Amino acid sequence: MSVTTFKLLIHMVADYSFFLIEVLAKSQVRNFPEDFQFGATTSAYQVEGAWNEDGKGPSIWDTATHANPSPITDGSNGDIAADFYHNYISDVDNMKKLHLDVFRFSISWSRVLPNGFSDKVNQLGIDFYNKVIKELLINSIRPAVTMYNWDLPSNLQKLGGWTNPLIVVWFADYAKVLFDHFGDRIKDWITINDPKEVCAGYGTNKAPFLNMSGIGEYICLKNILLAHANVYHLYDEHYRKLQQGLVSISIDCTWFEPASESIEDMHAARDARMFDWGQFAHPIFSREGDYPIELKRNIALRSAEQGFPRTRLLELSAAEVVNIRGTSDYFGLSTFTTRMAYRDASLEGMYPNPSFLDDIGAVIVRDPSSLHVQTAWIQEGPYAYYLKLFKEIKKLYNNPPIYITGNGLATDGSILDDDRISYTNNILNAVLDGISQGCDVRGYSVWSLLDSFEWTNGYTTKYGLFQIDFSSPERNRVPRKSAFIYKQMLKTRTLDFNYEPDNESVESEQL
């Protein structure tokens, strides 16, 4: 038996106690706090379509998906997608039927500023988002806006994109346009969604698909932190008193569980967590600020071993540390999966070097006790792992308010999506346990309201509460079983593992 197999078997036995706790929890109906906020999330490139209508400029995903050969699994693109641009009224009506408190959506930078710069504001783009916001408010749904969800204007990428330090200024100029046009009604702003995935575009497999791993991600990392902080201070100094909103960043967090209780494996899991999300969370939310010590230590050591004259991590000055620290009004948490990590010196060199994965210094594997799901990168681990994530954020960052800004599961696309229902219930069970143990979790938004263009996976994976018929020009919407479950949950403000919607309702497609 290999060392890896042995470690994983031991961990499966340890997980059994978590399983028993979970079974007990599922035997009861659990209540959410009265002020708990339920929502759903989308992003502009993934659902809007209308990629070149009404003055919109091209984004890096327009450029990438129109390339030949295509980097997308099914050769598709977001030119039309779910066509939210032309269907937002009916989509808001469906949100109302779900009893949503909040709808989180992103604004397309290049729809508002076609060239990326604020000298040319596209009024038709402004008009579109004003109409969406108005429709939401008429239906008593709070609009929450993400400024940036990966779709950088192509013009700015020609100048280096997130690896150009001037992006800090360009992003603030863009944010000012948004505050000026929408800030009287938008009270919840996320500057950047899943910044790690933004930076992956300069290292691995996201637009703009620049293969400079181990260098590109860290240039992007510093610029994103400075850009976010710059916008936060802009709001503080010029808009907060009048507009009275909140500004945050949404960080994608994976819980990495040690494969055994050995010191080496616990350190491996800690390193993995700090590289995965601590790189962004620690400079913003920790008392001391700056990058996690694990990040600075590992990259410096590997850089020296590889012959670099200095660390590949762009260090933060003392003034930059102070400027970034504390620049968020809550912890925006995006979380989808869990993983296991361990140390194994015999596997040295399994990742390219230099590279982000090599710098972590840990072997990352799936938990063998997790359920197999449609999307390879997601696994449904024990609910206790998500509880550990909430408790770790509480411990490390002085228990900040947490809003889960995105969480979901891809399925095979069928209407009867029981696997998604089980997964969502699992996460929300952990949320309620976290709240009972003092974690300040205040809201949950499901990913996603609609089937979307899922980046390099194209339309091969389906996350929507509503199924989209992408073969139809009308892009017909059909509620999945999970939509009926979510509706009941929001209506009653309870988590009931035994609730089943009326079969006739599901079959009739009437939400």
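Rules used throughout
- Residues numbered from 1 in each chain as written.
- Predicted model: local features only at pLDDT ≥ 70, side-chain atom pairs only at ≥ 80, totals over all residues.
- Heavy atoms only, no water.
- Helix = DSSP H or I, 4+ residues; strand = E, 2+ residues; numbered from the N terminus.
- Buried < 20%, exposed > 50% of the residue type's maximum accessible area, 1.4 Å probe, protein only.
- Pairing = 2+ DSSP bridges.
- Axes fitted to C-alpha atoms, helices over the stretch in contact; angles between N-to-C directions.
- Contact = heavy atoms within 4.5 Å.
- Expected span 1.5 Å × (residues − 1).
- Salt bridge = Lys/Arg side-chain N within 4 Å of Asp/Glu carboxyl O.
- Arc of directions from axis to C-beta.

(A) Representation of unusual backbone geometry in the model. For the peptide bond that leads from Asn 68 to Pro 69, omega is 5°, which places it in the cis range. Structurally, Pro 69 can be placed in the loop between α3 (60–65) and α4 (84–98). Residue Ser 448 follows Trp 447 across a cis peptide bond; omega there is 5°. Structurally, the position occupied by Ser 448 is in the loop between β12 (441–447) and β13 (466–468). A positive phi angle, close to 50°, is found at Ala 81, a residue other than glycine. The residue Ala 81 is located in the loop between α3 and α4 in this model. Residue Ala 81 is classed as buried on the basis of its relative accessible area, which comes to 1%. One non-glycine residue, Arg 493, lies in the positive phi region at around 55°. For Arg 493, the location among the structural elements is in the loop between α18 (481–492) and β15 (494–496).

(B) Representation of the sheet that holds strand β9 (residues 338–342). With mixed pairing, the three strands of this open sheet are ordered in space as β7-β9-β10. The sheet is open, and its two edges are formed by β7 (255–258) and β10 (363–365), each paired on a single side. The sheet shows a mean angle of 35° between the axes of neighbouring strands, direction not considered. Across three bridges, β9 lies against β10 in antiparallel orientation. Paired with Tyr 342 across the bridge in β10 is Val 363. With respect to the sheet, helix α12 (residues 263–285) is in contact with β7, β9 and β10, its orientation differing from that of β7 by roughly 170°. Helix-sheet contacts for helix α16 (residues 383–396) involve β7 and β9, and the interaxial angle to β7 is about 105°.

(C) Seen up close, helix α17 (residues 418–436). Its 19 residues give α17 an end-to-end C-alpha distance of 27 Å, which sits within 8% of 27 Å, the value for a rise of 1.5 Å per residue. Taking burial as the measure, the 19 residues of α17 include 14 buried ones, the bulk of the element. Where α17 terminates, the next one or two residues include Gly 438, which has phi positive at roughly 95°.

(D) Quick look at the pattern of salt bridges. Within this structure, the stated rule accounts for 31 salt bridges. A salt bridge links Arg 477 to Asp 91; the nearest nitrogen and oxygen atoms lie 2.8 Å apart. Residue Arg 477 is found in strand β14 (residues 477–479), and its partner Asp 91 is found in helix α4; the two are separated by 386 residues along the sequence. Take Arg 477: its relative accessible area is 17%, and that puts it in the buried class.

(E) Geometry of the pairing of β9. For β9, a buried count of five out of five residues is recorded, marking the element as mostly surrounded by other parts of the structure. Residues Thr 338, Met 340 and Tyr 342 line one face of β9 and the alternating positions Arg 339 and Ala 341 line the opposite face, and both faces are buried. When β7 meets β9, the two strands line up parallel, connected through four bridges. Bridge pairing in β9 places Trp 255 opposite Thr 338.

(F) Spotlight on the sheet that holds strand β8 (residues 331–334). Strand order in the closed barrel formed by eight strands is β2-β3-β4-β5-β6-β8-β11-β12, and the pairing between neighbours is parallel. Here the strands of the sheet are splayed against their neighbours by 25° on average, with no regard to which way each runs. With three bridges connecting them, strand β6 (residues 246–252) and β8 associate as parallel partners. When the sheet's bridge partners are listed, Ser 250 is paired in β8 with Gly 332. Helix α8 (residues 167–182) rests against β4 (142–148) and β5 (188–193) of the sheet, and its axis sits at about 160° to β4.

(G) Just helix α13 (residues 293–305), in detail. Taking 1.5 Å of rise per residue, 13 residues should cover 18 Å, and α13 covers 18 Å from first to last C-alpha, within 8% of that figure. Every buried residue belonging to α13 is among Glu 294, Leu 295, Asn 298, Ile 299, Arg 302 and Ser 303, and all of these are buried. Taken around the axis of α13, the buried residues stretch over an arc of 140°, which confines them to a single face. Away from its buried face by more than 90 degrees, α13 exposes Ile 293 and Ala 304. Contacts made by the buried residues of α13 are with α10 (216–238), α12 and α15 (356–360). A positive phi of about 90° marks Gly 307, the residue just after α13.

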